[in-house]
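Below are the chains, spelled out letter by letter.
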Amino acid sequence: MNCAVILLLTSGCFTWSSVIYTSHRAGSNKLKYLLEPPVYAEVVGRRGGNVTLPCILRTKPSHYKVKWTKLESENTGQENIIMISNSHSFKQYGHLGPRAALRKAHTMDASLLLSRLKLEDGGSYRCELINGIEDESVFVSLRIEGVVFPYQGKNGRYKFTFQEAKDACTEQDGILASYSQLFRAWTEGLDWCNAGWLEDGTVHYPIIQPRPACGGEVLPGIRSYGPKDKKQDQFDAFCFTSQTAGSVSYISGSFSFEQAERACGRQGAELALVGHLYSAWHFQKYDQCDGGWLRDGSVRFPISNPRERCGGIPEAGVRSFGFPDKKKHLYGAYCYR
């Protein structure tokens, strides 16, 4: 069966190497120099944190180099070099190089240390031992722990080109989500009826409760529109964010948008971004049953403990009142400091 069809209905084809450790040696699956890594394991980190990507030598050739690269795209296979090292020295490359170092816990250790993690650092990494024609590689997956949130701007549904969707996520303290991040969000309960861009230029939406208005009465799954024209087609965005360095707080009151901005300013803070609120809800289980202004002009509130008087929806989530009139409608304020 064609996996592109199955992706509309189920996760049955979701087995590509960016979510597991894999190994490779030309003509053989048995590694001679590198230690076989564990299968179905992944390294998990949060934005701002540090991680170690394991790569251990089984035995050392007389002359060799270790090269670490990152697979930058799930579809193209393009790799960017991070570091090349021999037994005496190493050289760093690209945007990851300045934040990378070899752990060197022992003489056989070629593991990579990554510091000050960023949202875009998630993905598949390759540790390659270069020894003439006997090159060997292992692939290690890094997952940035975080939350996916659907986003549409004040102009309404399906108004973003691909670049506009990327920009919108960046403005809300996020990046466009990958398919694997959307898939994980779906397994954790994300059900959303509007299609949105992902970082690879494809368009999808996750459905847990099938209904006629959301693709029909077929099995739950990730509905796919496939690749779309990045310059012409317009959809919403699925953004991804992780933990933040600051904190979110709520100021009770009846504020216009400008008054809410000033209220946060008096506390040495500013109105929170949508990503800030989702991060607080996801990581700190933030729960506040009051609508409040955010910096994009929307009004939302986070619910971790669903109850009847707070929207009446049985699932936890960040509720939205959309984009009310900034002068006429009065709400509290969600501040970020």
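In this text, all values refer to a predicted model and were calculated from it rather than measured experimentally.

Analysis parameters
Residues numbered from 1 in each chain as written. Predicted model: local features only at pLDDT ≥ 70, side-chain atom pairs only at ≥ 80, totals over all residues. Heavy atoms only, no water. Salt bridge = Lys/Arg side-chain N within 4 Å of Asp/Glu carboxyl O. Helix = DSSP H or I, 4+ residues; strand = E, 2+ residues; numbered from the N terminus. Buried < 20%, exposed > 50% of the residue type's maximum accessible area, 1.4 Å probe, protein only. Pairing = 2+ DSSP bridges. Axes fitted to C-alpha atoms, helices over the stretch in contact; angles between N-to-C directions. Phe/Tyr/Trp six-rings, centres within 6.5 Å; stacked < 30°, edge-to-face > 60°. Lys NZ or Arg CZ within 6 Å of the ring centre and 35° of its normal. Contact = heavy atoms within 4.5 Å. Core = buried A, V, L, I, M, F, W, Y, C linked by side-chain atoms within 4.5 Å. Polar contact = N/O pair within 3.5 Å; in protein donor to acceptor, adjacent residues only side chain to side chain. pLDDT = per-residue confidence, 0-100. Disulfide = S-S within 2.5 Å.

*Asks:* Please explain the pattern of salt bridges as it appears in this structure.
*Replies:* Once their charged atoms are close, side chains differing in charge can pair, the charge on each being opposite to the other. Per the stated rule, a full pass over the model turns up 14 salt bridges. Among the salt bridges present, the one from Glu-42 reaches Arg-184, with a minimum N-O distance of 3.3 Å. Of this pair, Glu-42 sits in the loop between strand E1 (22-25) and strand E2 (43-45) while Arg-184 is found in helix H3 (residues 179-187), placing the two residues 142 residues apart along the sequence. Owing to a relative accessible area of 31%, Arg-184 belongs among the partly exposed residues under this scheme.

*Asks:* Explanation requested: the sheet that holds strand E8 (residues 112-114) in the structure shown.
*Replies:* By way of backbone hydrogen bonds, the strands of a sheet pair with one another, either parallel or antiparallel. Taken in spatial order, the 3 strands of this open sheet run E3-E8-E7, and their pairing is antiparallel. The sheet terminates laterally at strand E3 (51-53) and strand E7 (100-102), the two strands that pair on one side only. Sheet twist, expressed as the average angle between the axes of neighbouring strands with direction ignored, equals 30 degrees. Pairing of E3 with E8, which is carried by 3 bridges, proceeds in the antiparallel orientation.

*Asks:* Whenever I open this one, the packing of aromatic side chains confuses me. Can you help?
*Replies:* To describe a pair of aromatic rings, you give the distance between the ring centres and the angle between the ring planes. For the coordinates displayed, the defined rule picks out 16 aromatic pairs. Taken together, the ring pairs connect Tyr-158, Phe-162, Trp-197, Tyr-205, Tyr-225 and Phe-235 into an aromatic cluster. In this structure, Lys-230 is placed above the aromatic ring of Phe-162, and the distance from its NZ or CZ to the ring centre is 4.5 Å. In this structure, Lys-326 packs its charged tip against the face of Phe-257, placed 4.3 Å from the ring centre.

*Asks:* So what exactly am I meant to see when it comes to helix H5 (residues 274-283) here?
*Replies:* One full turn of an α-helix is made of 3.6 residues, so residues set three or four places apart face in the same direction. Counting buried positions along H5 gives 10 out of 10 residues, so the element sits mostly inside the fold. All of the buried residues in H5 are Val-274, Gly-275, His-276, Leu-277, Tyr-278, Ser-279, Ala-280, Trp-281, His-282 and Phe-283. Where H5 is buried, its residues meet strand E11 (147-151), strand E16 (236-241), strand E17 (248-255), strand E20 (299-303), strand E21 (317-320) and strand E22 (331-336). Just downstream of H5, Lys-285 is the residue with a positive phi angle, here 55 degrees.

*Asks:* Would you mind showing me how to read the nonpolar core here?
*Replies:* Formed by 76 residues in total, the largest nonpolar core has its most connected members in Leu-53, Trp-68, Leu-112, Leu-114, Leu-142 and Tyr-334. Contact partners of Leu-53, with chain neighbours within four places excluded, come to Val-43, Trp-68, Ser-111, Leu-112, Leu-114, Tyr-125, Val-140 and Leu-142. If you look at the next biggest cluster of nonpolar residues, it comprises 13 residues, including Ala-269, Trp-293, Val-299 and Cys-335.

*Asks:* What is the right way to look at the pairing of E16 in this model?
*Replies:* One face of the sheet, then the other: side chains in a regular strand alternate in exactly this way. Across the 6 residues that make up E16, a large majority, 6, are buried. Side chains Asp-236, Phe-238 and Phe-240 of E16 all project onto a buried face; the interleaved residues Ala-237, Cys-239 and Thr-241 project onto the opposite face, where all are buried too. Sheet topology note: the strand E13 (residues 196-197)/E16 ladder contains 2 bridges and is parallel. Within the sheet, the bridge partner assigned to Trp-197 lies in E16 and is Ala-237.

*Asks:* Help me understand the side chain of Arg-300 in this model?
*Replies:* Tracing the chain through its elements places Arg-300 in strand E20. A polar contact is formed between the side chain of Arg-300 and the side chain of Ser-298, at a distance of 2.9 Å. Beyond its immediate chain neighbours, meaning those up to four positions away, Arg-300 contacts Tyr-151, Val-274, Leu-277, Asp-290, Gly-291, Gly-292, Leu-294, Val-318, Arg-319, Ser-320, Phe-323 and Tyr-334.

*Asks:* Is there a simple way to explain the confidence of the model for the protein in this structure?
*Replies:* Interpretation of the predicted coordinates at a detailed level should be avoided for regions scoring low in pLDDT. Scored by pLDDT, the protein has a mean of 89; 89% of the residues are at 70 or more. Below a pLDDT of 50 lies the segment residues 1-28, which in the model reaches 63 contacts outside its immediate sequence neighbourhood of four places, other chains included.

*Asks:* Honestly, the state of the cysteines in this entry has me stumped. Any pointers?
*Replies:* Here a disulfide denotes one covalent bond, and it connects the sulfur atoms of two cysteines. If you walk through the whole model with that rule in mind, you get 5 disulfides. Between the sulfur atoms of Cys-193 and its disulfide mate Cys-214 the distance is 1.8 Å. The sign of the -120 degrees torsion about the S-S bond sets the Cys-193-Cys-214 disulfide as left-handed. Of the two residues, Cys-193 sits in the loop between H3 and E13 while Cys-214 sits in the loop between strand E14 (202-207) and strand E15 (221-227), which places them 21 residues apart along the sequence. Judged by its relative accessible area of 24%, Cys-193 falls in the partly exposed class. Residue classification places Cys-214 among the buried residues on the basis of a relative accessible area of 2%. Here Cys-264 engages in a disulfide with Cys-335; their sulfurs sit 2.0 Å apart. Of note, the bridge from Cys-264 to Cys-335 carries an S-S torsion of about -80 degrees and is left-handed in sense. Here Cys-264, found in helix H4 (residues 257-266), pairs with Cys-335, found in strand E22; they are 71 residues apart in sequence, far enough to count as distant.

*Asks:* Would you mind going over unusual backbone geometry with me for this structure?
*Replies:* Most peptide bonds are trans, and most residues other than glycine sit at a negative phi. Here Lys-104, not a glycine, exhibits a phi torsion of approximately 55 degrees, which is positive. Its place among the elements puts Lys-104 in the loop between E7 and E8. Lys-104 gets classed as partly exposed once you look at its relative accessible area, which sits at 48%.

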